[in-house]
Amino acid sequence: MALIELQELTFRYPGAAADTLTPVSLSVADSAAFALLGASGAGKTTLLNLLSGLLRPTSGRILFNGEDVSTWAGRQRNVAQVFQFPVLYESMNVADNLAFPLRARKFQAAAIKQRVEVIASELNITDQLGHKASQLSLFQKQLIAIGRALVRPDVSVVLLDEPLTAVEPKMKWRLRRTLRRVQEELGVTMIYVTHDQTEALTFADQVAVMGDGKVLQVDTPERIYNRPLHEFVGYFIGSPGMNFVPSEQLHSSLSLVPGTKRIGFRPEWATLHAQNSAHINGRVTAQQLQGTDGGGLVGVQRLATEAGDLAVRGNLQAQVGQTVGVRLEQYLCFSQQGQLLVTPHE
Amino acid sequence: MLHLHHTRLAPDAEAFEHEFASGTLNVVLGRNRSGKTNLCRLIAGLNCSAKGDINLDGEMISSLRPQARSVAVVFQAFVNYPNWTVAQNIASPMRAQGVARKNCSARVNQLAEVLGLENLLQRLPNELSGGQQQRLAIARALAQQARVLLLDEPLVNLDYKLREALVLELQGLLQQTDTTVIYTTTDPKDAFALGDQVLLLDDHCKLQAGSPLEVYQRPVGFIAADLMSDPGVNAFVTPATLVAAARHAAVRPEHVHLSAEALGSEFSSFDMQVQGQETSGDETFIHGMVDGNRWVIRRPGMVSVTPGQRLSVSVRTDDILRFGVA
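Calculation notes
Residues numbered from 1 in each chain as written. Chains lettered and ligands numbered in written order. Predicted model: local features only at pLDDT ≥ 70, side-chain atom pairs only at ≥ 80, totals over all residues. Buried ≥ 20, exposed ≤ 12 C-beta atoms within 10 Å, placed from the backbone. Helix = DSSP H or I, 4+ residues; strand = E, 2+ residues; numbered from the N terminus. Contact = placed C-beta atoms within 7 Å. Nonpolar A, V, L, I, M, F, W, Y, C, P; charged D, E, K, R; others polar. Pairing = 2+ DSSP bridges. Core = buried A, V, L, I, M, F, W, Y, C linked by C-beta atoms within 7 Å.

Caption draft 1: Quick peek at helix H2 (residues 86–96) of chain B. Residue and element names in this part refer to chain B. Within H2, the full set of buried residues consists of Val86, Asn89, Ile90, Ala91 and Met94. Tucked into the core, H2 has its buried residues touching helix H3 (101–114) and helix H4 (130–143). Just beyond H2, the residue with positive phi is glycine 98, at close to 75°.

Here it is in structure tokens:
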């Protein structure tokens, strides 16, 4: 397994007017569970293809354990990949599918047999080894595809490209949990690419959020959610995303860091009150019921305010059309450029 | 009023009656293969195994050809004319109906504005994002000015940020029109966000109908409670009891608390063995076993637990859903 470093990596598709990746620098520790999170078009797949050797960087370097692999072919890099849809030899049985990467690299038969057994037991699929791949469910097939990526003992990194897309929602968490357990037990470096916040925040110890060809933040899931370094990260993570309000629109003065242009707050960081004690006044435009708590209705209220549209999560006591005040219990300060400024209550 | 009379969504399914009131937004909620698409195809007059009489505002339309019904459809796999611009696509149903060119272009601009396509009118569909293409398909369906609009899982395949934005847009847009909208989904969140009325389907049968809150608070049975819950409800079943006979009680994942504080005096506590967790930042799902049943707990914010850990979890007595003997 390897420490993966990207140094000032850029990429521009031939003939394109702009870079798809603007300089990206990050490092993924050896044996880490790492996620790349971003919307479609953010540059995730380009970055993945650069790592696997399908694309060559326009500039910058990729290091595996300190060694520059930027110009190496994919085969030399020992990268294993898991794709959105399971790629298996349908006519082979599970054992032969798992053994295939080892046979292709001329491993000894005894070593192959032993390694296949280790991986099968790790994934709890020993009883399926004799089954034809074509007879398996999508969930089982994707599990085998993961097993195949893990089977070579000399793999530097396992790249997973939206691996749960094809798996039905109720099975997703089980596959993700298996993946995480195997990652820890085998000490595999895994880079998991997804547009889904739950996948990224649940799977990884470190999450890199990408937007528009840039890495905007690399951090723990907890800090990504609670301390986004950039407004886009706050907006993109969370459903609904973070609210942003121009600081000059706030009625009573909150303590702001010098240079603050906008303040950001999560829907659950605000509460609704009578107007006189509020930071922002507005009118309830819609309510999205999400359930009950202690018999009372809870959900998200949408408000139209002089500072723009806001979402506030909590009890649905107010009525649609009612004028209410919004109090911020917690907030972050952002600069003109949308960067997080250190907040006064830290 | 769209009245389904003696409708069977599959040849051997139980027949049911259902009324969709004019101008309402109706969410049809059911699992995959529960009959949602058959229901849409039956109303639209497309070939399917469902049978029944359909009465639209007093007129029996079941024997009419699809083109003769005042019904517009948007399917999950959205279809636009690839060689026509956005404007031409939106105009296409009106041109087919012989609407004058002048009226047609005013209506195109109006629909484009409502659906946020006003700056894209001269683009071709393949120059649009997935969300824009789906909005175009919806604009085209609205341009028909049909009395019934069927949306068959229109937001599946879109990423969650886009879904979030489109659900909000649709809510505003569809509530303004006097069209009767029927929106099918597997996601109870859509039912809450969009539905004036919810119709639950299970295995091609009508299970329950009512407002989202009624269906949420007073499910007619275990399956109804489970359908209107994300993730599904937690059962109280001891390993010794038969599953079918013992599904008399359940609790929703959001009604299981990690602390009994603030629950008042009427509550029960359970021992949970944690298997794992999922978090989206704003909420955390904790998976585990309680008395031999798989349970999921849904709590706000980020909660950190470790697999194997034991938790004491509590449920308000009032939050336990009880069902009659099946």
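Caption draft 2: Spotlight on the interface of chain A and chain B. In this complex, chain A contributes 26 residues to the contact, which on the side of chain B involves 23 residues. Contributing elements (two or more residues each) for the side of chain A that touches chain B: helix H6 (169–186), helix H7 (197–203), helix H8 (221–226) and strand S14 (280–293) of chain A. Per-element accounting of the side of chain A that touches chain B gives the leading share, five residues, to S14(A). In terms of residue class, the side of chain A that touches chain B is built from 10 nonpolar, 12 polar and four charged.

Caption draft 3: Just the sheet that holds strand S2 (residues 16–20) of chain B, in detail. Residue and element names in this part refer to chain B. On the basis of which strands lie adjacent, the open sheet formed by four strands has the order S2-S1-S4-S5 and antiparallel pairing. Each end of this open sheet is capped by a strand with a single partner; those strands are S2 and strand S5 (59–60). In this structure, strand S1 (residues 2–8) lies alongside strand S4 (residues 51–56), joined through five bridges in antiparallel fashion. For leucine 2, the partnering residue across the bridge sits in S4 and is leucine 56.

Caption draft 4: Examining the nonpolar core more closely. All names here are of chain B. Residues Ala139, Leu150, Leu200 and Met228 are the most contacted members of the largest nonpolar core, which totals 83 residues. The element contributing the most residues to this core is H4, with seven residues. In contact with leucine 200, other than residues within four places in its own chain, are Leu29, Gly30, Leu207, Gln208, Val215, Ala224, Leu227 and Met228.

These figures come from the coordinates and say nothing about function on their own.
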